[in-house]
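The residues making up each chain are set out below.
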2 protein chains.
Amino acid sequence: MTLHLNLFLHDTGHHEASWRLPESEPLAHIDIAYHQRIARIAEEARFDSVFLADSPVLWGKPSRRPSGKIEPTILLTAIAAVTTRIGLIATASTTYNEPFNLARRFSSLDHVSGGRAGWNIVTTAGDDAAQNFGLDAQPAHLTRYDRAAEFVEVSKKLWDSWDDDAIIADKTQGVHARDDRVHTIGHVGPHFKVRGPLNVPRSPQGYPLLVQAGSSEDGRDFAARHAEAVFTAQQTLQDAIAFYRDVKRRAIEFGRDPNEVKILPGLVPVIGSTEEEAHALDAELERLIVPEHAARQLATLLRVDHLELDEELPADLPEEAAIEGAKSRYTLIVELGRRERLTVRQLIGRLGGGRGHKTFAGTALQVADTIEEWHRAGAADGFNIMPAVLPSGLERFADEVLPILRQRGLFRTEYTGRTLREHYGLPRPANQFALPV
Amino acid sequence: MTLHLNLFLHDTGHHEASWRLPESEPLAHIDIAYHQRIARIAEEARFDSVFLADSPVLWGKPSRRPSGKIEPTILLTAIAAVTTRIGLIATASTTYNEPFNLARRFSSLDHVSGGRAGWNIVTTAGDDAAQNFGLDAQPAHLTRYDRAAEFVEVSKKLWDSWDDDAIIADKTQGVHARDDRVHTIGHVGPHFKVRGPLNVPRSPQGYPLLVQAGSSEDGRDFAARHAEAVFTAQQTLQDAIAFYRDVKRRAIEFGRDPNEVKILPGLVPVIGSTEEEAHALDAELERLIVPEHAARQLATLLRVDHLELDEELPADLPEEAAIEGAKSRYTLIVELGRRERLTVRQLIGRLGGGRGHKTFAGTALQVADTIEEWHRAGAADGFNIMPAVLPSGLERFADEVLPILRQRGLFRTEYTGRTLREHYGLPRPANQFALPV
Ligand SMILES: Cc1cc2nc3c(=O)[nH]c(=O)nc-3n(C[C@H](O)[C@H](O)[C@H](O)COP(=O)(O)O)c2cc1C
Ligand SMILES: Cc1cc2nc3c(=O)[nH]c(=O)nc-3n(C[C@H](O)[C@H](O)[C@H](O)COP(=O)(O)O)c2cc1C
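Residue positions are given per chain, counted from 1 along the sequence in the order it is written. Each chain takes a letter, starting from A, and each ligand takes a number, starting from 1, following the order in which they are written. Only residues with pLDDT of 70 or above have their local features reported here, since the model is predicted, and side-chain atom pairs are shown and tallied only from 80 upward, although totals for entire chains, interfaces and linings are computed over all residues. Think of the side-chain values as coming from all heavy atoms in the structure, minus any hydrogens and water.

All names here are of chain A. Ring pairs are drawn from Phe, Tyr and Trp, using the six-membered ring of Trp, whenever the two centres fall within 6.5 Å, and their geometry is named by plane angle: stacked under 30 degrees, edge-to-face over 60, tilted for the rest. In the structure shown here, the tally under the stated rule is 24 aromatic pairs over all chains. Between the aromatic rings of Trp374 and Phe383, the centroid separation amounts to 6.4 Å while the plane-to-plane angle is 55°, which identifies the pairing as tilted. No difference in accessibility class separates Trp374 from Phe383, as the two residues are buried. Within the aromatic cluster, the residues linked to one another by ring pairs are Phe106, Trp119, Phe151, Trp159, Phe192 and Tyr207. Burial here depends on accessible area, computed with a 1.4 Å probe over protein chains only, as a share of the maximum for the residue type. Under 20% is buried, over 50% is exposed, and the range in between is partly exposed.

Right, let's talk about the site of ligand 2 for a bit. Residues and elements named next belong to chain B. Residues are counted as near a molecule or strand when any one of their heavy atoms sits within 4 Å of it. Neighbouring residues of ligand 2: 24 residues in total, closest Asp54, His141, Tyr145, Ala213 and Ser216. Within the contact set of ligand 2, an oxygen atom lies 2.7 Å away from a backbone nitrogen or oxygen of Asp54. Take Tyr145: an N or O atom from its side chain is 2.6 Å from an oxygen atom of ligand 2. Runs of E in the DSSP output that reach at least two residues are strands. Runs of H or I that reach at least four are helices, and both are numbered from the N terminus. Looking at the shell around ligand 2 element by element, the count peaks at three residues for helix α10 (residues 327–339). For the shell around ligand 2, a count of residues per class yields eight nonpolar, 13 polar and three charged. For the purposes of these results, a polar contact is taken to be a pair of N or O atoms within 3.5 Å, where, inside protein, one atom must be able to donate a hydrogen and its partner to accept one; residues adjacent in sequence count only when each atom of the pair is a side-chain atom. Three residue categories are used. Nonpolar comprises Ala, Val, Leu, Ile, Met, Phe, Trp, Tyr, Cys and Pro, charged comprises Asp, Glu, Lys and Arg, and polar comprises the others, including Gly.

Right, let's get into the site of ligand 1. All names here are of chain A. Around ligand 1 lies a shell of 24 residues, among which Asp54, His141, Tyr145, Ala213 and Ser216 are the nearest. Between ligand 1 and Thr91, the relevant distance is 3.4 Å, taken from an oxygen atom to a side-chain nitrogen or oxygen of the residue. Between ligand 1 and Tyr145 there is a distance of 2.6 Å, counted from an oxygen atom to a side-chain nitrogen or oxygen. Each accessible area is a Shrake-Rupley estimate made with a 1.4 Å probe; only the visible protein chains count as cover when residues are assessed. Computed on the free molecule, ligand 1 has an accessible area of 600 Å², of which 93% lies beneath the protein chains in the complex. Among the secondary structure elements, those contributing two or more residues to the shell around ligand 1 are β4 (117–122), α5 (141–159), β10 (229–232) and α10 (327–339). With three residues, α10 is the largest single contributor of residues to the shell around ligand 1. Across the shell around ligand 1, the residue classes break down as eight nonpolar, 13 polar and three charged.

Further remarks concern the UniProt feature "binding site: FMN" (unreviewed entry) in chain A. Residues and elements named next belong to chain A. Following the UniProt record, the feature "binding site: FMN" (unreviewed entry) maps to Asp54, Thr91, His141, Tyr145, Ser215 and Ser216 here. Following the sequence through the fold, Thr91 ends up in strand β3 (residues 87–93). Exposure remark for Thr91: the relative accessible area of 2% places this residue in the buried category. In contact with Thr91, other than residues within four places in its own chain, are Phe51, Leu52, Ala53, Asp54, Pro72, Asn120 and Val122. At 2.7 Å, the side chain of Thr91 and the backbone oxygen of Leu52 are in polar contact. For Ser215, the position within the fold is in the loop between β9 (209–212) and α6 (217–226). Its relative accessible area of 17% is what places Ser215 among the buried residues. Residues are treated as being in contact if the distance between any of their heavy atoms lies within 4.5 Å. Once residues lying within four places of it in the same chain are set aside, the contact partners of Ser215 are Arg220, Thr232, Phe243 and Ser328. UniProt positions are given in the numbering used here, feature names are shortened, and annotations may be inferred rather than shown by experiment.

Another point: helix α7 (residues 237–253) of chain A. Owing to its 3.6 residues per turn, the α-helix brings residues three or four apart onto one side. Residues and elements named next belong to chain A. For a helix, the expected span equals 1.5 Å multiplied by the residue count minus one. Helix length check: α7, at 17 residues, gives a terminal C-alpha distance of 24 Å against a target of 24 Å (1.5 Å per residue), a fit within 8%. Turning to α7, its buried residues number three or more, namely Ala240, Ile241, Phe243, Tyr244, Asp246, Val247, Lys248, Arg250 and Ala251. On its buried side, α7 packs onto α6, β10, β11 (262–271) and α12 (364–376).

Across the boundary between the two partners, chain A contributes 72 residues, which contact 73 residues of chain B. We count a salt bridge whenever a side-chain nitrogen from Lys or Arg sits within 4 Å of a carboxyl oxygen from Asp or Glu. Linking chain A with chain B are four salt bridges. A salt bridge links Lys193(B) to Asp136(A); its shortest N-O distance comes to 2.7 Å. Between chain A and chain B we count 44 residue pairs in polar contact (both at pLDDT 80 or more) in total. No other element matches the eight residues that helix α3 (residues 99–112) of chain A contributes to the side of chain A that touches chain B. When its residues are assigned to classes, the side of chain A that touches chain B shows 34 nonpolar, 22 polar and 16 charged.

Turning our attention to helix α13 (residues 392–407) of chain A. Residue and element names in this part refer to chain A. The first and last C-alpha atoms of α13 sit 23 Å apart over 16 residues, in line with the 22 Å expected at 1.5 Å per residue. Taken together, the buried positions of α13 are Gly393, Leu394, Phe397, Ala398, Val401, Leu402, Ile404 and Leu405. In the core, the buried residues of α13 are packed alongside β1 (4–8), α1 (32–44), β11, α12 and β13 (382–385). Gly409, located one to two residues past α13, shows a positive phi value of around 70°.

The next point concerns the packing of helix α5 (residues 141–159) of chain B against helix α6 (residues 217–226) of chain B. Residues and elements named next belong to chain B. Lines fitted to C-alpha atoms define the axes here, with helix axes fitted over just the stretch in contact, and angles between the N-to-C directions of these axes take values from 0 to 180 degrees. The interhelical angle for the contact between α5 and α6, taken along N-to-C directions, is 10°, at an axis separation of 10 Å. One way to sum up the angle between α5 and α6 is to call them roughly parallel. Where α5 abuts α6, its residues His141, Leu142, Tyr145, Ala148, Ala149, Val152 and Lys156 lie against Asp218, Gly219, Phe222 and His226. Of the residues contributing to the contact of α5 with α6, the split by class is six nonpolar, three polar and two charged. An angle below 35 degrees is read as roughly parallel, one above 145 as roughly antiparallel, one from 65 to 115 as roughly perpendicular, and any other as oblique.

With that settled, consider the relation of the copies chain A and chain B. Overlaying chain A with chain B gives an RMSD of 0.0 Å, the required rotation being 180° about an axis along which the chain moves by 0.0 Å. Put plainly, the chains are arranged around a two-fold axis. Of all interface residues in chain A, 100% are interface residues in chain B too; the two copies therefore contact each other through one and the same surface. When the copies are overlaid, the least-squares fit takes in C-alpha atoms only where the residue has pLDDT of at least 70 in both copies.

Trans is the prevailing form of peptide bonds, just as negative phi is the prevailing case for residues other than glycine. Of note, the amide linkage connecting Leu390(A) to Pro391(A) takes the cis form, showing an omega dihedral of 0°. Following the sequence through the fold, Pro391(A) ends up in the loop between β13 and α13. Residue Pro197(B) is bonded to the preceding Gly196(B) through a cis peptide linkage, with omega at -5°. Locating Pro197(B) in the fold gives a position in the loop between β8 (193–194) and β9 (209–212). If you check the backbone angles, Arg341(A) has positive phi at about 50° while not being a glycine. Locating Arg341(A) in the fold gives a position in the loop between α10 and α11 (344–354). One non-glycine residue, Arg46(B), lies in the positive phi region at around 70°. Along the chain, Arg46(B) turns up in the loop between α1 (32–44) and β2 (49–52).

Moving on, we come to the nonpolar core. Judged by nonpolar contacts, the single largest core of 159 residues is most densely connected at Phe47(A), Trp119(A), Phe397(A), Phe47(B), Trp119(B) and Phe397(B). With residues up to four places along the chain from it excluded, the contact list for Phe47(B) reads Leu5(B), Asn6(B), Leu7(B), Ala42(B), Ile86(B), Ile385(B), Leu394(B), Phe397(B), Leu402(B), Phe411(B), Arg412(B) and Tyr415(B). Side-chain atoms within 4.5 Å are what join buried Ala, Val, Leu, Ile, Met, Phe, Trp, Tyr and Cys residues into a set we call a nonpolar core.

Turning our attention to the environment of Ala92(B). Residues and elements named next belong to chain B. Considering the arrangement of structural elements, one finds Ala92 in strand β3 (residues 87–93). Through-space distance from the C-alpha of Ala92 to that of Thr123 is 8.4 Å; in sequence the pair is 31 residues apart. Sequence-distant contacts of Ala92, defined by excluding residues within four places in its chain, comprise Asn97, Leu102, Phe106, Trp119, Asn120, Ile121 and Val122.

In this section: the packing of helix α2 (residues 72–80) of chain A against α3(A). Residue and element names in this part refer to chain A. Direction vectors running N to C along α2 and α3 enclose 10°, while the axes themselves pass 10 Å from each other. As summarised for this structure, α2 and α3 are arranged roughly parallel, according to the angle between their axes. When α2 is examined against α3, the residues Thr73, Leu76, Thr77 and Ala80 are found in contact with a partner set consisting of Arg105, Phe106, Leu109 and Val112.

Set out below in structure tokens:
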């Protein structure tokens, strides 16, 4: 029984005000050396992987926090150059890319890193992203997931278009690769027509680890069908168990081994020597939020013109079914506000840390206990660790929480594998086109 | 008067049979450490830049030579991580990409490398590439160049969508960047509709060095209008002078300073201690070509069913105007064959080295003399160096030819700038949207 830990990279930290702390580097978000440093700390700590979120649009107002990001496959390549073991998971959109180009980029990242690439497959919510690609509004939620499914199908065909044994490099005969082991794919479907083969030989992992984070009905089905790891935002243990069971059940229905779909809820640890110290750090961060900025962004997300800071959420918010964007995040936030009867100001404070992910402020022992509790209760195969402040929150987690988890036999002391799939205990996929050897 | 030198990377070398030499690493094309090693040699030698060609399609038969390539912006990022000065020029297609995604990738490469990114803008000839993107045949030549022009226009707007002074990172006030210095671009044109802003702040060079290699009428106009450096394949000094004058004249007509368009013909040096030794190496490489493979590929390029190895080119080849693919390369090859009355076998030998670029076999002194001659005659602001065999051909060029050029004051001893634009003596572009400071 071993946990998997992914480090969710996010410049100066996941708390939206983290960049305002004295320790924080104001240009971290565009500083490669900074990212390389953080990834090395995570590798030293034996995390399974680091992860970068992404969208092809400028997120949020530039005034509010560091905005604009280096494209993830490029940033992770720069990290690959200074690390040897840790997995590298990049987000990329199936709605605003072409399968040939993206399949090639991930195959390239897998080659460059010696088999450490992962792809967080997203369908990209929001009209603003659509408007960077010739559209006025985003395609409907179901249409996006439909395209995503075919996108992954085409990508797998492309990744399999070279047999593993295609290259023979026979200098004497002058034959570099066997032409009959490199296949056109001739894909024709409702969204894509792609001839192939891919212009990169099959990569160390066969193809990147497939990760997904959709939480709506469409999203869960997609995850259960295609994903090997699932990121999710869960506020309560009870919800997390229900989500875990639901995705594993769906995976079984699709004929998959449920152990080959790892579920990783997000966790924002805020660690102090005492509980008081942890809460003080949390309060200090909350104090640094500019509430008017945050309220404006929350209003946009909830599709209302205005929110009063010291009142609860309005009663007449739209139903999830009417949301074509990120459905499940919408519901999570509304339910959190209603369940705990939070004012908008309080809700913003809670979201400022983890944007819907579980924030847990306490001692290292308390954090370790919570991790173990969730894991044993069947809510998590591992966690998506989202330090409120980077690098200090990561260092503290590595130095204080991980030793406790190791003592309990819950986390590795040393890497046993070389590839990202090996870290997660997942098999290298077979090639659907391979000829008999 | 100083030359600019670009190293055209090409796994084991530009000669198509180079991979068959005993010294060559058979998996060089997918080996990052190998590419990093070569780039370091070029940086030691103070080259302006390294360059990777590319197309979103598998080029050639896998049997014939190493095929499939790591995506260039990823490979160059891996090189950026182990170098500090040398420029990094990646090829990318305007026909099979979206401006938002590509502008972002190049901005990212410029950030990652501290201002060393360049983009070789290509329109991608060939129906086979089109068939990886839902089309049956490639768009017409003029349509591709038309889209390319608008693609570059949109890209420049996106790169300029952040003012250089947008980020203030004011921790006290909680203002990271000034919202009024980050602009939507609202581009609407025949090919693209893009809202912006880009989701990456303006990069060290403002935007990557723009490189182009089109040689047809459409291509030269495009280069004269947009390119800061031009790659070209020229077989004779006379043709090279005519090309040089023609592009500079067109640049002037577009209102540009002709010194801000650097012309770099390709040169394949095959260096020996004596002329005989150089020719022997050339002959050894030619002997390793499998002529039937090469003849088949040449037939495809020339749009004929079959070519007889020991006969001259057929008399009834199509006119350039009928070629929708790479027009100028077509004409160059046909003219070379006809001018020198080469048999197909001989023509293949000549093309095997440089695929249309000038191969020059001789001593280091002779190579240096040719470089100086072309430069003084007004045929070249520098050269695109394409070693027949890598890394040995590069090492020999660096160790034996460069000292001669330095002695003659024709090539730098030390880098004087930090960015790619500085190496080429080009200014950092102003921002079209910037507000007064
Ligand atoms: C940890 C985590 C990371 C996510 N990262 C991204 C991301 O980088 N880009 C993105 O567009 N969506 C991201 N999402 C959103 C999901 O992909 C998904 O769209 C969202 O959970 C809503 O679910 P739905 O798409 O099924 O409605 C992320 C979600 C989670 C839980
Ligand atoms: C040195 C050099 C490198 C080139 N690299 C590429 C490349 O990487 N990808 C590509 O599609 N075309 C490449 N080309 C082809 C040109 O972009 C152009 O298509 C070709 O010269 C034909 O000219 P035209 O497009 O004006 O007809 C290259 C040409 C030269 C001279």
